[in-house]
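Structure at a glance
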Amino acid sequence: MPHTAETATAYVVTAVEAKGTATRHDFDIPSIVSTTHSLTESWDFNSVDPNMFWNIVATFLEH
């Protein structure tokens, strides 16, 4: 399966909701996807450094 913006978005939603303490509505998902894609130049977020990914996610927590 090719990696696309849609698969990257699904990856982010799954990751932020995995622990059950947050939902996609707690984060600016499009900004997380856009920023991660810009930094990695890839839609394959499985290969992104986890520390970098979670730092990006934390940046886009909506208050």
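Note: the structure precedes this text.
1. Description of helix H1 (residues 5-17)
A rise of 1.5 Å per residue sets the reference length of H1, with its 13 residues, at 18 Å; its end C-alpha atoms lie 18 Å apart and thus fit the reference within 8%. Residues Ala 8, Val 12, Val 13, Ala 15 and Val 16 constitute the buried set of H1. Taken around the axis of H1, the buried residues stretch over an arc of 165 degrees, which confines them to a single face. Exposed positions of H1 whose direction lies more than 90 degrees from the buried face are Glu 6 and Thr 14. Here the buried face of H1 lies against helix H2 (29-40) and helix H3 (50-59).

2. Examining H3
Of the positions making up H3, those classed as buried are Phe 53, Ile 56 and Val 57. Projected down its long axis, H3 shows its buried positions confined to an angular sector of 100 degrees, all on one face. Exposed side chains of H3 directed beyond 90 degrees from the buried face belong to Asn 51, Asn 55, Ala 58 and Thr 59. Tucked into the core, H3 has its buried residues touching H1 and H2.

The rules behind each value
- Residues numbered from 1 in each chain as written.
- Predicted model: local features only at pLDDT ≥ 70, side-chain atom pairs only at ≥ 80, totals over all residues.
- Heavy atoms only, no water.
- Helix = DSSP H or I, 4+ residues; strand = E, 2+ residues; numbered from the N terminus.
- Expected span 1.5 Å × (residues − 1).
- Buried < 20%, exposed > 50% of the residue type's maximum accessible area, 1.4 Å probe, protein only.
- Arc of directions from axis to C-beta.
- Contact = heavy atoms within 4.5 Å.

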